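Residues per chain, in single letters:
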Amino acid sequence: MMILVVNAGSSSLKYQLINMEDESVLAKGNCDRIGIDGHISHKTFDGRTVDADVTFPTHTEAFMKLVEVLTTGDASVLKSMDEISAVGHRIVQGAEVFDRTTLVTDEVIQKIDDLQELAPVHNHPHALALWACKKVIPANVPQVVVFDTAFHQTMPAKAFMFGLPYEDYEKYSVRKYGFHGTSHRFVSAALAEAMGKDIKDLKIVSCHLGNGSSITAVDGGKSVDTSMGFTPLDGILMGTRTGAVDPSAVTFVANKHGFTPSEMSDYMNKKSGFLGISGISSDNRDITAAAQNGDKRAQLAREMLIYQIKKYIGAYAAAMNGLDAVLFTGGIGENSDDVRKEVCENMEFLGLKLDNAANDGVRGQLKKISAADSKVEAWIVPTNEELLIARDTLALVQGL
């Protein structure tokens, strides 16, 4: 049984074709620059590739090209799209409308589009991609949507509500939603399996660290709090995003610059974070190199990141009344041994003690990195959101 996993952006269409019998990736790629000019990069499991400029006026043309490269030419892996059992789509914002994986219908697509005000960069492109997929993929192939926000729907009101008047929640759905839920759900379950324990018995702090970062308290397999809020701007310092900021600082800076609300949003989302603090780059690797060469602003950016991660670990241990494990995932979490080391330093009071030898040089592999006598375990757990989407899609389709 083969599942096509799709992750659509405003100008991109990333995909993976997964054979669910052994969960191997048969092909993956990206239709990029949709609505601009267009480019496709496609690679099969055995190294065959397609790399070409193609005109993509809309997502429909991108899906048509996706189907073409999967089924024809030197890099094909299918005889026809009838070999696909289902299509699974990643959707960023499901709000309180969607708290679980859902079968795609015209009504579901419209509801996703109706939520675009809560995620303007993501939900409308998701809806466009879903309509395009319906045009191109055979009608007998079921399609499924998996929501980033669904995992966090278990948060209690005391964790997701803001201190704004309650009417703003009732009328405008203003609350903490949290993001990276698909990743947090995958890695926390993978960690429980690696530890040989039932996830219902574990209190985990999951640190998804990358260009976008979020930290989640997972108690008994359920999200009880998370660092990202109403949008993915909240929480810790990120590549170009501020993380948490005093709201009065936002209005103060906007007035000083003469920014409109949308301009201030752009300033906080695209020009801040590592980039804004360091003045060098939004990439942690560049920040690390500059910091090691003595750049003071790069050093500050790193110190802010480490400090903020530590604060969330401590806060979430308090919120869960205990802590069994801390896991690191995402581009930085999986590959930056120095970030993991600095986060775990001086955390013995919490029962967390790193094994430096186990941590050093490890990149992207499932591994325990805490010391033998550490009461709280530390792990690297590679994330695989596409596989979780495929698993969710398969489970829903098999239940039809």
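Cut-offs and rules
Residues numbered from 1 in each chain as written. Predicted model: local features only at pLDDT ≥ 70, side-chain atom pairs only at ≥ 80, totals over all residues. Heavy atoms only, no water. 1 Å grid on protein atoms, 1.4 Å probe; cavity = no way out; pocket = protein on both sides within 12 Å on 5 of 7 lines; lining within 4 Å. Points joined across faces, edges and corners; volume = space filled by probe spheres on them. Nonpolar A, V, L, I, M, F, W, Y, C, P; charged D, E, K, R; others polar. Helix = DSSP H or I, 4+ residues; strand = E, 2+ residues; numbered from the N terminus. Contact = heavy atoms within 4.5 Å. Pairing = 2+ DSSP bridges. Axes fitted to C-alpha atoms, helices over the stretch in contact; angles between N-to-C directions.

### A look at empty space enclosed by the protein
Then, in step 1: In total, this model carries 1 cavity of 30 Å³ or more according to the counting rule given.
Then, in step 2: Within this model, the largest cavity holds a volume of roughly 30 Å³.
Then, in step 3: As for the largest cavity, its lining consists of Met161, Phe162, Leu164, Pro165, Asp168, Tyr169 and Val174.
Then, in step 4: Taken together, the residues of the lining of the largest cavity break down into 6 nonpolar, no polar and 1 charged.

### Quick look at the environment of valine 146
Then, in step 1: Among the secondary structure elements, valine 146 is positioned in strand E8 (residues 143-147).
Then, in step 2: Each C-alpha atom of the pair valine 146 and threonine 240 lies 26 Å from the other, and the pair is 94 residues apart in sequence.
Then, in step 3: In this view, valine 146 contacts His89, Arg90, Ile91, Thr101, Thr182, Arg185, Ile389, Asp392 and Thr393; residues no more than four positions away in its chain are not counted.

### Focus: the sheet that holds strand E9 (residues 203-208)
Then, in step 1: Pairing is mixed across the open sheet formed by 6 strands, whose spatial order is E11-E10-E9-E12-E14-E13. With one partner strand each, in any of the chains shown, strand E11 (222-226) and strand E13 (367-368) form the two edges of the open sheet.
Then, in step 2: In this sheet, E11 lies alongside strand E10 (residues 214-219) in antiparallel orientation, the contact comprising 4 bridges. Each bridged residue has a counterpart across the sheet, and for threonine 216 the counterpart in E11 is threonine 226.
Then, in step 3: Each of E9, E10, E11 and strand E12 (325-329) touches helix H11 (residues 296-320); the most contacted strand, E10, lies at about 20 degrees to it.

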